[in-house]
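# Report on the structure
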There are 2 protein chains.
Amino acid sequence: MNYPNGLKKDRTTNNNNLCNKYINYANRGMNLEDDLNKTNEYYRNIDKAYIYKKPTPIKIVKVNYKNNEIKEGYFTTPSTTDYNGIYKGKYIDFEAKETKNCKNFPLTNIHPHQLKHLENIEKHGGIAFLIVRFTKLNRTYLLLEKDLQNFLISNKKTINIKYFDEKAYLIKEKYTPRVDYLEVLDKMGGIEYGK
Amino acid sequence: MNYPNGLKKDRTTNNNNLCNKYINYANRGMNLEDDLNKTNEYYRNIDKAYIYKKPTPIKIVKVNYKNNEIKEGYFTTPSTTDYNGIYKGKYIDFEAKETKNCKNFPLTNIHPHQLKHLENIEKHGGIAFLIVRFTKLNRTYLLLEKDLQNFLISNKKTINIKYFDEKAYLIKEKYTPRVDYLEVLDKMGGIEYGK
């Protein structure tokens, strides 16, 4: 039996469990990072926004200078978020995370200095947010920095999905672009050129 | 004999050659990247601006997952400029280059897509520029994107230092911060919050 949006009922799981009720077959193989890279590429192609993922920070230990090959290196902790750029004259900055968890988003997914970075950006007039995908539910949310900060006051270690339903914006999945987060920012208002 | 600003006359070279007339001994060992990293750190520490150097893009080929060690990787061409961030609510984006050349800055130092990137940023309301240091002259200039674009129309492959003297802004070297490029942007006006 086919469900709308490529959703199929999974007969092997307990229907009372929201997490396992539906398994999405439409989006297999694409992760949030791929979707965002394709989305940002689309925005650049139509000259809408210039937002890039930053390269993964690596500490390089040994290089073969003959062919510029890195022989030894280590992944290091990023100081900032993964994505930034410009849209309608505004500085855009966000972190994107996936979780397999169905009810909660564990804040351990984000480094404390990344949270501090988002706070600084907001304070200096940028547009800062989180994009969180609950992969098993196939839901992707945009949570503005101010609502993230309001949550952090609680000192809780996980954000319940109800908080996302209440405060965040659901990004509807499309074919092109896949994760149209700028449409969400537009709908929220406030992102007007030069304002 | 001591000259102002730590400059010493080099007796071994031809005085008619601007390049070799003075050798700077004050700044030995610090390169432009180090200076900019320290400057950006200073700006962050005083909560003035949040501008970072992006990590070097690397294509990772082989990883030892036991200790997260990169066993094989290669440097790749950057799609964007090296530095970006936020200052007074404005999106800031620039590329920084050193040259040992004394009379000309060779444009081969910058990838064509980096030039295109700076153009896009300017068009979308960001503040885009080049920082160029003539190491042997110990002069560091800030050249705004609009003046860079005006030069590129000429199709010349090198920018003569006279063009920098005429169109760019000399960044006076200080102890802290070492390369105070935001002071230059401030003096030029136009970087007012929200404008």
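See the structure above.
Residues numbered from 1 in each chain as written. Chains lettered and ligands numbered in written order. Predicted model: local features only at pLDDT ≥ 70, side-chain atom pairs only at ≥ 80, totals over all residues. Heavy atoms only, no water.

### Re the relation of the copies chain A and chain B
What relates the pair of chain copies is a rotation about an axis plus a shift along that axis. Inclusion rule: Least squares is used to superpose the copies, and the fit set is the C-alpha atoms of residues whose pLDDT is at least 70 in both copies. It only takes one pair of heavy atoms within 4.5 Å for two residues to be counted as in contact.
Superposition record for chain A on chain B: RMSD 0.0 Å, screw rotation 180 degrees, translation along axis 0.0 Å. As the rotation angle and translation indicate, the two copies are arranged about a two-fold axis. When you check the interface residues of chain A against chain B, 100% turn up at the interface there too, and the contact is symmetric in its surfaces.

### Topic: the interface of chain A and chain B
Here is the rule: Accessible area that two parts lose when put together, with a 1.4 Å probe and added across both, is what the buried area reports. Whenever a carboxyl oxygen of Asp or Glu lies within 4 Å of a side-chain nitrogen of Lys or Arg, that contact is scored as a salt bridge. Here a polar contact means two N or O atoms within 3.5 Å. Within protein one must be a hydrogen donor candidate and the other an acceptor candidate, and residues neighboring in sequence count only if both atoms are side-chain atoms. Under the DSSP-based scheme used, a helix requires at least four consecutive residues in state H or I and a strand at least two consecutive residues in state E, with every element numbered from the N terminus. Strands pair, by our definition, only if DSSP identifies at least two bridges between them.
Contacts between chain A and chain B engage 38 residues on the former and 38 residues on the latter. Counting each side, the surface lost to burial between chain A and chain B is near 3,200 Å², with a carbon and sulfur contribution of 62%. If you look at where chain A meets chain B, you find 2 salt bridges. Note that Lys123(B) is salt-bridged to Asp47(A), the shortest N-O span being 3.2 Å. On inspection of chain A and its partner chain B, the count reaches 9 residue pairs in polar contact (both at pLDDT 80 or more). Breaking the side of chain A that touches chain B down by element, the ones donating at least two residues are strand E3 (49-53), strand E4 (58-64), strand E5 (69-75), strand E6 (83-87) and helix H3 (112-123) of chain A. Looking at the side of chain A that touches chain B element by element, the count peaks at 7 residues for E5(A). As judged from the 4 bridges shared by E5(A) and strand E5 (residues 69-75) of chain B, these two strands associate in the antiparallel manner. Pairing of Glu69(A) across the sheet is with Tyr74(B), part of E5(B).

### Topic: the sheet that holds strand E12 (residues 169-170) of chain A
All names here are of chain A. For the record, the criterion: Only the stretch in contact is used when fitting a helix axis, every axis being a line fitted to C-alpha atoms; angles between N-to-C directions are given from 0 to 180 degrees.
Overall, mixed pairing links the 6 strands, which are arranged E3-E6-E7-E9-E10-E12 in an open sheet. What marks the edges here is a single partner per strand, and that holds for E3 and E12. As paired elements, E6 and strand E7 (residues 90-99) share 5 bridges and run antiparallel to each other. Pairing of Gly85 across the sheet is with Ile92, part of E7. Contacting E3, E6, E7, strand E9 (127-134) and strand E10 (139-144), helix H2 (residues 32-45) crosses the sheet at an angle of about 150 degrees to E3. Sitting on the sheet, helix H6 (residues 181-188) touches E3, E6, E7, E9, E10 and E12, and the angle it makes with E10 is about 45 degrees.

### Focus: the sheet that holds E4(A)
Across the sheet, 4 strands lie side by side as E4(A)-E5(A)-E5(B)-E4(B); this open sheet has antiparallel pairing. Strands at the two margins of the open sheet, each flanked by one partner only, are E4 of chain A together with strand E4 (58-64) of chain B. Between one strand and the next, the sheet's axes are offset by a mean angle of 30 degrees, whatever the strand orientation. In this structure, E4(A) lies alongside E5(A), joined through 6 bridges in antiparallel fashion. Bridge pairing links Ile60(A) to Gly73(A) in E5(A).

From the geometry alone we can't say anything about function, so treat these as descriptive.
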